[in-house]
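Chain by chain, the residues run as shown.
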Amino acid sequence: MMYHKVIELIYPGRCPLCGDIVMPKGELACPECKTKAPYITEPKCVQCGKALRHCEDEYCGDCSTQTHFFDKGLALFAYDDMVKHSIYRYKYENKREYADFYAYEICRRLGEEMLSWKADAIIPIPLHSSRQRVRGYNQAQLIAERVGRSLSIPVLSHYVYREKKTTAQKQLNHAERQNNLKKAFKIKQNDVKLDTVILLDDIYTTGSTIDAVAALLKNTGVRKVFFIALSIGQGV
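Since this is a predicted model, take the numbers as computed values, not measurements.

Calculation criteria
Residues numbered from 1 in each chain as written. Predicted model: local features only at pLDDT ≥ 70, side-chain atom pairs only at ≥ 80, totals over all residues. Heavy atoms only, no water. Helix = DSSP H or I, 4+ residues; strand = E, 2+ residues; numbered from the N terminus. Buried < 20%, exposed > 50% of the residue type's maximum accessible area, 1.4 Å probe, protein only. Contact = heavy atoms within 4.5 Å. Areas by Shrake-Rupley, 256 points an atom, 1.4 Å probe, with all protein chains shown as cover. Polar contact = N/O pair within 3.5 Å; in protein donor to acceptor, adjacent residues only side chain to side chain. Pairing = 2+ DSSP bridges. Axes fitted to C-alpha atoms, helices over the stretch in contact; angles between N-to-C directions.

**Details of the overall build of the chain**
Point 1. For the chain, the count of helices and strands is 9 helices and 6 strands.
Point 2. Going through the 236 residues of the chain one by one, you find that 49% of them count as buried.
Point 3. Residue pairs at least 24 apart in sequence account for 72% of intrachain contacts in the chain once pairs closer than 6 positions are excluded.
Point 4. Carbon and sulfur atoms make up 50% of the accessible area of the chain, which amounts to about 12,400 Å² in all.

In structure tokens:
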């Protein structure tokens, strides 16, 4: 206990949302920042979970015009500037401790529905091995492991691997994203039989990555594929 107090004095926790020292100490994020965070609320797309502008709409523009391989998804945050900068620090500035806050909030706000899916496992979207070596960790895996422990859902971090080193998705349009991900993923741990899984990723835009992995899983016999995203784009 004393050791942790000393560490906290030397290296005070930083808020994942604003990047400053967390106040009051001991919290995972500043309470004031949490009141400003863009949590997804109703109305939202019944398939991908994007926030919608109109209560009468059921689907966002993407889901109303595209056929997805996943069954349903949920997201914690809308992808605004606050969340964009937070995820950047998490992924590229080695702020691994942010995973504690992200996972806690996912379980707090989305955990009940996740449990209702009765998933056999959570599968984090994998990075290519070369990218993971440079970064040192898979950001989705860190969150998935914490969520899995909290909800008592097994996490299979090595069930799927990324065989093809793809171009960063943010640089591509929707058609290019789909083509970029063709044959990008493979099943590695195929000795485990799964009926229902939850994919977990940090950012959902058009759903191309989630769809690519969902299609792969369904081709191997998985019946239901859900997803959880830390953040998601705006629905229309």
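**Some points on the side chain of Gln 139**
Point 1. Among the secondary structure elements, Gln 139 is positioned in helix H7 (residues 139-151).
Point 2. One polar contact links Gln 139 to Arg 135, side chain to side chain, over a distance of 2.5 Å.

**Focus: the sheet that holds strand E1 (residues 72-78)**
Point 1. Here 4 strands make up an open sheet; going across it, the order is E1-E6-E5-E2 and the pairing parallel. The sheet is open, and its two edges are formed by E1 and strand E2 (121-124), each paired on a single side. Averaged over all neighbouring strand pairs, the angle between strand axes comes to 20 degrees, with direction disregarded.
Point 2. Pairing geometry for strand E5 (residues 196-204) and strand E6 (residues 224-232), over 8 bridges, is parallel. Paired with Leu 200 across the two strands is Ile 228, which belongs to E6.
Point 3. Packing of helix H5 (residues 98-116) onto the sheet brings it into contact with E1, E2, E5 and E6, and relative to E1 it is tilted by some 140 degrees.
Point 4. Each of E2, E5 and E6 is contacted by helix H9 (residues 208-219), which is oriented at about 165 degrees to E5, the strand it contacts most.

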